Structure formats: structure tokens, C-alpha cells
Amino acid sequence: MIHKRCMIVCFITISFLSLYAAEPSRGWLTVDFIMRDASWMGTSPGNVFWSEDGEELFFRWRTASDEGDSLYVISAQGGTPERVPMETYIDLPARRGEYTRDRNKKVYEKQGDIFIYDIGKGYERRITQTLDRKSNPRFTFDEKKISFESGNNLFMYNIDTGLLSQLTNFRSGTAPREREITEKEEYLQQQEFELFDVLRERKLRREQGEALREALRPSYPSPYFTGNKSISNIVLSPDERYISFVLTEQNAQAKPTEIPNYVTESGYTETIRSRSKTGYPQMAMSMHVYDTGQDTVKNLALDVLNNGNGTWNAADIMYGPVVWSPDGDYAFFQMFSQDNKHRWIAGFDPAQASVQRILEYQYDEAWLGGPGIRGWGMQASVGWMPDSERIYFQSEESGYSHLYTVNFDGTGKRQLTGGRFEIYSAEISVHKEMWYLVTNEKHFGERHLYRMPLEGGERTRITMFEGRNDVYISPQEDRIAFLHSFKNKPPDLYIMDNEPEATPVRITNTPSEEFLSYDWRVPEIILFKARDGVEVPARLYTPDDPNGAAVIFVHGAGYLQNAHRWWSTYFREYMFHNLLADKGYTVLDIDYRGSAGLGRDWRTAIYTHMGGKDLDDHIDGARYLVDEHGIDPQRIGIYGGSYGGFIVFMAMFTAPGTFASGAALRPVTDWAHYAHWYSSNILDIPFENHEYYQRSSPIFHAEGLEGSLLITAPMIDRNVHFQDVVRLSQRLIELGKDNWEVALYPVEDHSFIEPSSWTDQYKRILKLFEETLQ
């Protein structure tokens, strides 16, 4: 009996191990297998950076012998990656920093202190060693000093003399006030001075001493009290006289949400503080200039902005940092309106603390966005041309995000790139001779590096691998490293000469034997026609043995792209789609209206109505599956998370009969309860445009539920609050619906972490489809 049991165990073990040695195969995936900790697949390299001399390449990676991610290094010429010892890692210069114009020196912050690195000598010099954290170090215009921030103030360090000077005296709170004496107190005080010589003499000596101390006191900046406002974007002018800065005050009307956390180390229910709901701007900003010569602060004047552009108050605007020209003569800064429909790039006069002129004005009746224009924050591709006479920026004026220049006097606006594609990154080369651009011009689902003459013209493609190529150019610009991935291949690292015909050398080989044992599908990128005649892109997973049923996946984020040719951030979903295809399901993954990569009109097609054209694209996708792939119209399911969960709700509530079942993961149920910066962009303000919110929010349409619905909800979700699901659940209860269920995940935020949570969730999704679509 013992021998027989041993034989069975050995046979199973040998069979399982032989699985990895054999040719890749299909048909054996399980949810338990694919939803383990992602390290089973092999860990792709990341955080790639070059040594300052360009002779070595560093990156984070994890091999089979590593317990966690480690730093690796390899020669620029290739070879075998080696793990970097901890003592070497600690001594490396920081990745981010600022260089002198000749790029011989670099200043940076590391572990809260300031360092200078001599690149030629390979020598690091520590400037500070104090408990107060420092940040944003920069060389002054003459490159003889370094400015940096500490404790919300600006300091300057003289490289030659070692003198440290404090340039500002910003203080939180309000200025202390001396108590005003009453009329009675003033009468008594005057009477005492009239009666007693000793009091008069002591007062005179005290005033003389105070005057002497004041005369001997070094010249320090006067305190400037910022109240309860935070300070940011502190910038010193090239002549070191003016310091621009921005104050931000949180809106007291924007009430934060309190999220209860039930599974805690203390055993007590604890509270997590999270964002407020839509309705009020989260903050009010103002811009100011401190004149070090006059020791005064001026508020930014918006006279030019109000001239012909409506009436704008300081609180209506969000301000970016001042950017000075390479020759130090001119400056500009960006402004965005709080409603995100207006953008100004403005010339800046520090002496008058005013908008000198408007260099570029952009308006979108929906909302401003797109690559290089404005993302989730103030990020934008904008800067000075090398001649110090023009600035560059990106605009969707042509319908796609492209690169432009304009003279500093506001004339001569010129488009440098054009076509039905997007510019994702635009940087001027170190030697100021050309542009390096990352675009999707070869295909909307690919990313490649190009170079282009400084004044525009023909673009030369550098990367050739199909898919996505995230590029890291060496300091000398003679080599590039890039992370390349394809639809069924996770990212790996390559090095090549910075030439179009150069041969890339592969540095890492990430996929594990377990991962390679399965024959992962290469989903086809297809275009299907929507009801309005527009061609909609999607990924199509075709089963080897179709069962006549289909599942549609809805990606999240809204403005995100997933019908592309690279390894998806939805890699667990990708593996799940392979599992579904193994079971005979056809799977469609749509880049619906509102997704990224396809220009301004696609991005804003959901304005004032989420659950409009974006939902239509999924209903039309279901029709495409029926017409072109023979799918049974009664056997189509749909699932997705976050924005994808919202679309699932709208499909199940407002398109009865289209989908037999749906799974909504961490879903939005009411856009008035979501984040202001997101909902207000697309639907404006809820109490001013209630009809937009009502037609776009699933909770108002729940009476239409007919098919089977699964809802999965992380309970400590700081993004889409658990309250969304609770409110919808109550609505469904009151409507008497009984074809729905909720699965709760007490320890998960919006992005799941625990493999057990991923596994449980996807087992439920698979069970739903197996029970309703077979």
C-alpha cells in the first residue's frame, strides 16, 4: 500500500514537472494557478537608469535566487547582469537632479540631504547633514551657488565659501498681534511717567538698547505668514532678486470621507481619511513674488488675463512653477482654470508680479487633457527652446496632441508635428540639436522612439520591435536602453546603439519556466463598426474550440488604453481571458469612447454623458460578436473593474437582453460621490447639472436589472468608496431585485494585493459565467 501511494505521488510530481519541460500547451489553466503572487511569472526589470558617465546601466530586477527585488548593473557593452552590493547602492548618486550647463556637475537630494557630484572625477561631495529634510536643489544661474528648500523656506549655499543663507522667512499661522491698551490703561501709564523719573529713565535706556540691537542685527528677510496654506513652486530668479511661489488652501467645504477599517492589528475599528465627493474644488491657489531687495511680497496681478478673456479671480486659477529662459532674461508659467477648460501659458514679469502677456491660450468646451497637455496633476510637456526666444508646448488643436512652438512675444506659433497620432514625450537632446519623441504614429497600439530636427521635419524611428518600447537614453546619447514588451510577452531589458539600424542586445530574460509552459495567445487587434459608423478598436481572444458564448471585458480608468500590442497592466485579466478561451469563450476587450491613444474627439466623446457612447460601443461589440463570430446573443457576459464596473452596471441596468450576466468589480455607482477632479471634468458640477449626473449614474437606473449580477467590493477602497456599493445594495433591496449578490474584501483597497482576494474574486466571476452562459 505504501509503495502504491508513493508511485502515485511520484507519477503526479513527474507529470507536473514535465509540464514545464514540454512544448507550451493550452487547456490546463486554473484560477488558483494564475492568481498567485505575480512573482511566479518572473519579475520584469524596472527603474532603469544610467550611470553618470554612461558606461553602466542599473535596473531593479528579481531573479530566482533573489528573495525580493534587487538592484542590478550591467556594462553598456552588454554582458551578464550583476547584483549591486548594498554599500555600492548607498553610494550611488541620486537618479534625479540638476546639471550644470556643461553637464560636469550634478546637484541632488539624497536621503533628505544635498549632494554635489563631480561627473568627471566620479566624486560625491556632501553639502548638508541635518535632521531637517531638504528638497529641490538647483544651481543658481551663475552656477556658483545652490538653492534648495527646507521647512517651506528657500536657502542658498555658496559652493566656494560654504556660506549658507536663508532667502525667505515663510511661516505658517498668522502674525502675532500686540494687545491694544485701553483708554484707561493708557491714562494710568502716562500718569506714571509724569510722576516718576526712574520709569522715564529706564524706558529711555531700554529703547536705546533696542535701537542698537536692531542696527547691529544682520539683514534677514521679514516673516511672511501663510496662515493655513501650504507653499509650493518656489523658484529663484536668475539675478537672485525675485522668488516666486504658490500658496494653496484646502477648501473647507470639500468634506473628506471617513472609511472604517474593520480588520486591524489593534482589534478595534479604525478610520481611514479619504477624498471628498464631487461638488466643490478641492483647493484655492494664489501666486506671489517675494522681492528680496525690497523685502516685500506682491500678489500676482491678472489684468492681462482679464483683458478680453472674461473675469478671473486668483482662486479660479491653478498655477504652475515659473520657468526661466536659458539666458536668464525671460520667464513663463502655466495656468489652468479650476473647471479645466482653459489653459494659459503666460509671460511673467517678476518686478511687477504680473502676467506680461499671453503666449498660448487653449480652450476645450469639454475638458483639457491628452498627452503632454495635462494629466492627473499639473504635468505638461512645455519648456524653452535653446534660443531663449521661443517656448515649446503640446496642444490638441489639430485633434491630436502635437508639438508646437511660439515666440516669447506671442507671435509666430508653429506646429512641428502633425497627423492622426499622439506625442507622448518630447525632449530636446543634450546638445540641443534635435528632438527625441515617443509617439504612436506607426500604430495606435505601439510606442516608439523617434528623433526629429529641432525645427521639425522628417522623423527617424529608432526602436523597431513591435509593441511598446520605454526608452532610457544614455547621458552621452550614444546608446539607449529600452524595456520592450509584446501582447503575450512581459517587459524585458535591451541595450543598443542610438542608431536606427543598430542591433539590440537582450539583457534580461524574465519569464519563468512555469509561465513559458503555457501557450499564451496573441490577441488580434480588430476594428468593428459602431452604430454611428466609427471604427472601434478591440482585442479579440479566439478559442480553439468555440462554445458559442462570449465575454466582454471593460478596462478601467476611463482614459486608458488596453487594445494595444504590448504587455498589459491588466496581466491577470489577460491570463484569465486565456483561461476563458480554453473553455471555449470568445473574449472581446474594447478601447471604447473615452479611452486613450486615439485623439481628442475620442477622449471627450463621453462629455456630459458617461454610459452613453462608451456603453454603446460595448453593446455594438456584442452585436459584432453575434454577426461576425456566430456567438449566441443569449450567451454573452460582461465584466470590468472601477470605470469598467460602472459600465457593467449601465449595461445590466439600461441595455436589457444584451448581456445574460455581468460582474462589476470595485464599481462606481454614483458620480456625485466620486472624486471632484474626475467627475467635474466630464459632468461639470452636480448641483448645477443634475441631469448629467442622473443619466450617468447607475444607481438611478437599477430598476432595469434583469440578468445575473455579481458585485465585488473592497471595503477600504480609498478611490471608489465602499459606500458606493452599500448605497446601490440598498437600492436593489428596495426594488425587490433578487438576481444579484455582493462579495466583500475587508482588507483590500482599490487595487487588490492579496493573492487570496484575487483568487476568490475570479473564481466567483468564472462561476457566474459558467452558470449563466453555458
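This text goes with the structure placed above it.
Bear in mind the structure is a predicted one, so any value in this text is a computation, not a measurement.

K.L.:
Describe the overall build of the chain, naming the residues involved and giving the relevant values.
P.N.:
Per the secondary structure count, the chain includes 15 helices and 45 strands. Here the C-alpha radius of gyration of the chain, 31 Å, is about what a compact globule of 774 residues would show, namely 28 Å. When the backbone C-alpha atoms are referred to their principal axes, the chain occupies close to 110 × 70 × 65 Å. Counting all 774 residues of the chain, 52% fall into the buried class. Pairs at least 24 residues apart make up 57% of the contacts formed inside the chain by residues separated by at least 6 positions. Surface summary for the chain: the accessible area is close to 36700 Å², and the carbon and sulfur share equals 49%. Within the chain, the 110 negative side-chain charges are centred at a point lying 2 Å from the centre of the 81 positive side-chain charges.

K.L.:
Explain the environment of I699 residue by residue, including any values.
P.N.:
Summarising the element assignment, I699 is placed in the loop between α13 (690-696) and β44 (708-714). Residue classification places I699 among the buried residues on the basis of a relative accessible area of 9%. Leaving out residues up to four positions away in the same chain, I699 has contacts with T669, D670, R727, L728 and R731.

K.L.:
Describe helix α10 (residues 613-629), naming the residues involved and giving the relevant values.
P.N.:
Its 17 residues place the ends of α10 23 Å apart at the C-alpha level, agreeing with the 24 Å of an ideal helix rising 1.5 Å per residue. Among the residues making up α10, those that are buried are D614, L615, D617, H618, I619, D620, G621, A622, Y624 and L625. Directly after α10, the chain includes G630, whose backbone phi takes a positive value near 65°.

K.L.:
Describe the environment of R666, and please don't skip the residues or the numbers.
P.N.:
With respect to the secondary-structure elements, R666 resides in the loop between β43 (661-665) and α12 (676-683). Given a relative accessible area of 13%, R666 falls into the buried group. Taking the C-alpha atoms as reference points, R666 and V382, separated by 284 residues in sequence, lie 36 Å from one another. Those residues in contact with R666 that lie beyond four places of it in its chain are G641, S642, T712, P714, D717, V720 and H750. There is a polar contact of 3.2 Å between the side chain of R666 and the backbone oxygen of H750.

K.L.:
Any chance you could break down empty space enclosed by the protein for me, citing the residues and the numbers?
P.N.:
Take a probe with the size of a water molecule and roll it over the atoms, and the empty space left behind shows itself. Inspection of every chain in the model, using the stated rule, returns one cavity of 30 Å³ or more. R666, P667, A713, P714, D717, V720, H721, F722 and V725 together form the lining of the largest cavity. Only β44 and α14 (722-734) provide two or more residues apiece to the lining of the largest cavity. Its residues assigned to classes, the lining of the largest cavity comprises six nonpolar, one polar and two charged.

K.L.:
Before we move on, can you summarise the sheet that holds strand β39 (residues 535-541) with the specific residues and values?
P.N.:
One open sheet holds the eight strands; their spatial order is β38-β39-β41-β40-β42-β43-β44-β45, and the pairing between them is mixed. Strands with a single pairing partner mark the edges of an open sheet, and in this sheet they are β38 (524-529) and β45 (740-745). Strand-to-strand twist in this sheet, taken as the mean axis angle between neighbours without regard to direction, amounts to 20°. Relative to β44, β43 runs parallel, the two being bridged by five bridges. Bridge pairing in β44 links A664 to I711.

K.L.:
Quick one: what's the story with the sheet that holds strand β3 (residues 70-75), residue by residue and with numbers?
P.N.:
What the four strands build is an open sheet, ordered β1-β2-β3-β4; its pairing is antiparallel. Only two strands of the sheet have a single partner each, and these edge strands are β1 (43-50) and β4 (78-83). Within this sheet the neighbouring strands show an average axis-to-axis angle of 30°, counted without direction. Inspection of the sheet shows strand β2 (residues 56-62) paired to β3 by six bridges, in the antiparallel sense. Looking across to β3, one finds that E56 is bridged to S75.

K.L.:
Outline the nonpolar core, supporting the account with residue identities and numerical values.
P.N.:
One finds L588, M610, Y643, W671 and L709 to be the most contacted residues of the largest nonpolar core, which totals 60 residues. The greatest single-element share of this core, amounting to nine residues, is contributed by helix α11 (residues 643-654). Once you skip the residues sitting within four places of it in the chain, Y643 turns out to touch H555, G556, A557, G558, Y592, I606, M610, D614, W671 and Y678. Grouped together as the second largest cluster of nonpolar side chains are 39 residues, I34, Y541, A663 and L766 included.

About the cut-offs
Residues numbered from 1 in each chain as written. Predicted model: local features only at pLDDT ≥ 70, side-chain atom pairs only at ≥ 80, totals over all residues. Heavy atoms only, no water. Helix = DSSP H or I, 4+ residues; strand = E, 2+ residues; numbered from the N terminus. Rg over C-alpha atoms; globule rule 2.2 N^0.38 Å. Buried < 20%, exposed > 50% of the residue type's maximum accessible area, 1.4 Å probe, protein only. Contact = heavy atoms within 4.5 Å. Areas by Shrake-Rupley, 256 points an atom, 1.4 Å probe, with all protein chains shown as cover. Lys, Arg positive; Asp, Glu negative; His and termini not counted. Charge placed at Lys NZ, Arg CZ, Asp CG, Glu CD. Expected span 1.5 Å × (residues − 1). Polar contact = N/O pair within 3.5 Å; in protein donor to acceptor, adjacent residues only side chain to side chain. 1 Å grid on protein atoms, 1.4 Å probe; cavity = no way out; pocket = protein on both sides within 12 Å on 5 of 7 lines; lining within 4 Å. Points joined across faces, edges and corners; volume = space filled by probe spheres on them. Nonpolar A, V, L, I, M, F, W, Y, C, P; charged D, E, K, R; others polar. Pairing = 2+ DSSP bridges. Axes fitted to C-alpha atoms, helices over the stretch in contact; angles between N-to-C directions. Core = buried A, V, L, I, M, F, W, Y, C linked by side-chain atoms within 4.5 Å.

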